[in-house]
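# Descriptive structure summary
Here are the chains, one letter per residue:
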Amino acid sequence: MSRAQLTRTGILRMALGGGGAADPLLPGEGGDGRRAPFLLRALRIALVVCLYWFTSIAMVFLNKYLLDSPSLRLDAPIFVTFFQCALTAALCLGLSLGAACGPPCPGLPALRLDPKVSRSVLPLSAVFIGMVTSNNLCLKYVGVAFYNVGRSLTTVFNVLLSYLLLKQTTSLYALLACGVIIGGFWLGVDQEGAEGTLSWTGIFFGILASLCVSLNAIYTKKVLPVVDGSIWRLTFYNNVNACVLFFPLMMLLGEFRTLYHFDKLGNPSFWGMMTLGGVFGFAIGYVTGLQIKFTSPLTHNVSGTAKACAQTVLAVIYFEETKSFLWWTSNLMVLGGSFAYTWVKGLEMRKVQEDPTVKSSERNETGV
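If you're wondering where the values come from, they're calculated on a predicted model, not measured in any experiment.

Here we take up the nonpolar core. Membership of the largest hydrophobic core comes to 54 residues, with the highest contact counts inside it found for L74, F79, F146, F246 and M274. Not counting the four nearest positions on each side in its chain, L74 is found in contact with L66, L67, V80, K140, L259, F262 and F270. With 16 residues, the next largest nonpolar core counts L124, V227, Y237 and F282 among its residues.

Below, the structure is given as structure tokens:
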């Protein structure tokens, strides 16, 4: 999950799984009640999965170029993140204005900046800033091939925070899957050190990103009622707040001075890449929603795990890297542990849903 996987995946999963209003940007299933032919449905699912893979992988490689390209030499990661947040807010506003001018679309509310709502969303925005910034900083200091392992502890923090903050327990099999993820993470760190490519700064931001992704899901659930359950309104306020809060950070870190001396500031290709990165960052939330809608949350997680594997292989090939057997083992442990955790939770949720004697509170606990 780069910024993406980080920014809106948890929100969309809750929105699509929570029984709320349908997302107006996602196509309907058809009003005649008839199921589409199997071949057509399979083709549609394949196209949606391919779109998700392409958008997610392309966004990671684009962000790596913007954050750490030797040819670009732009040492301003906060500015890159600020620009992407500003573009996301502008796209949300543009979609809202377009819906207002066209046919009525109740799921796309008219967006206007309410200072009272903005202040209520501020705690989530602080976590959101930590999430997108630490993800981008992790990507800046580690290679794309190691990026998935570097920020692989999100599942572990989900379990830990669910117990500490929500008093929700986790099954033994799910805990064993988390143990495999932790083992793969430490083996990966060890192998990066053995190859001389370890960045403790990148590891620190990877762990921080994992923590912030977990916190973001918890705070999102608390803040959604403030924006009437609207994912688009929450995305708009989150990114507007982030843009305001990024300004003092850029001043404190001297990024305005860096931009003043940046020799490609007037280069149209640079701004084209910046805009493309921002568009991909915005689009990942939409294609994630599409994949969940046409498959299921469980299949989405499995697809995300497979995508991470493909992304790692592509990065090793593209950057012409040579990795040891144990390095690949660490990746397989992280991917295998993530897949096992997803599978176990899916089975637990299915068992709870099929048992009519289980209380609703227990259903919520199992679904964490």
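There is a patch of nonpolar side chains on the surface, built from L160, Y163, L164, L165 and L166 and spanning about 490 Å² of accessible area. For L166, a relative accessible area of 39% translates into the label partly exposed.

This part covers the pattern of salt bridges. Tallied over the full model, the rule gives nine salt bridges. For K264, the salt bridge identified is with D263, shortest N-O distance 3.8 Å. Note on D263: relative accessible area 56%, which makes it exposed. Linking K323 and E321 is a salt bridge whose minimum nitrogen-to-oxygen distance equals 3.8 Å. With a relative accessible area of 16%, K323 lands in the buried category. Looking at E321, the relative accessible area reads 28%, which means it is partly exposed. Three or more residues are tied together by salt bridges with common partners; here these are E192, E195, E321 and K323.

Before going further, it helps to examine the UniProt feature "transmembrane region" (unreviewed entry) in the protein. If you check UniProt for "transmembrane region" (unreviewed entry), the listed places come out as residues 45–66, 78–100, 121–143, 149–166, 173–189, 201–219, 231–250 and 270–290 in our numbering. As annotated, residues 173–189 comprises 100% helix and 0% strand, and the C-alpha atoms at either end are separated by 25 Å.

On to the confidence of the model for the protein. When the pLDDT values of the protein are averaged, the result is 83; 83% of them are 70 or greater. When mean pLDDT is compared element by element in the protein, helix α8 (residues 172–194) scores highest at 94, while helix α2 (residues 9–17) scores lowest at 40. This model gives residues 1–33 a pLDDT under 50, and the stretch forms 87 contacts once residues within four places in sequence are excluded. Across residues 359–368 the pLDDT falls below 50, and counting only partners more than four positions away or on other chains, this stretch makes 16 contacts in the model.

A full pass over the atoms with the stated rule returns 18 aromatic pairs. Ring centres 5.9 Å apart and planes at 85 degrees place the aromatic pair F61 and Y318 in the edge-to-face group. Within this pair, whereas F61 is found in helix α3 (residues 38–68), its partner Y318 is found in helix α13 (residues 297–318), the two being separated by 257 residues in sequence. For the pair F236 and Y237, a centre-to-centre distance of 5.7 Å together with 70 degrees between the ring planes defines the contact as edge-to-face. For the pair shown, F236 and Y237 are each scored as buried. Every member of this aromatic cluster is reached through a ring pair, and the members are F79, F82, F83, F247, F256, F262, F270 and W271. One residue, K140, lies across the ring of Y141, its end atom 5.8 Å from the ring centre. In this structure, K222 is placed above the aromatic ring of Y219, and the distance from its NZ or CZ to the ring centre is 5.6 Å.

What counts as what
- Residues numbered from 1 in each chain as written.
- Predicted model: local features only at pLDDT ≥ 70, side-chain atom pairs only at ≥ 80, totals over all residues.
- Heavy atoms only, no water.
- Core = buried A, V, L, I, M, F, W, Y, C linked by side-chain atoms within 4.5 Å.
- Buried < 20%, exposed > 50% of the residue type's maximum accessible area, 1.4 Å probe, protein only.
- Contact = heavy atoms within 4.5 Å.
- Patch = residues over 30% accessible without salt bridge, like charges linked within 9 Å, V, L, I, M, F, W, Y side chains within 5 Å.
- Areas by Shrake-Rupley, 256 points an atom, 1.4 Å probe, with all protein chains shown as cover.
- Salt bridge = Lys/Arg side-chain N within 4 Å of Asp/Glu carboxyl O.
- UniProt positions renumbered as here; feature names shortened; annotations may be inferred.
- Helix = DSSP H or I, 4+ residues; strand = E, 2+ residues; numbered from the N terminus.
- pLDDT = per-residue confidence, 0-100.
- Phe/Tyr/Trp six-rings, centres within 6.5 Å; stacked < 30°, edge-to-face > 60°.
- Lys NZ or Arg CZ within 6 Å of the ring centre and 35° of its normal.

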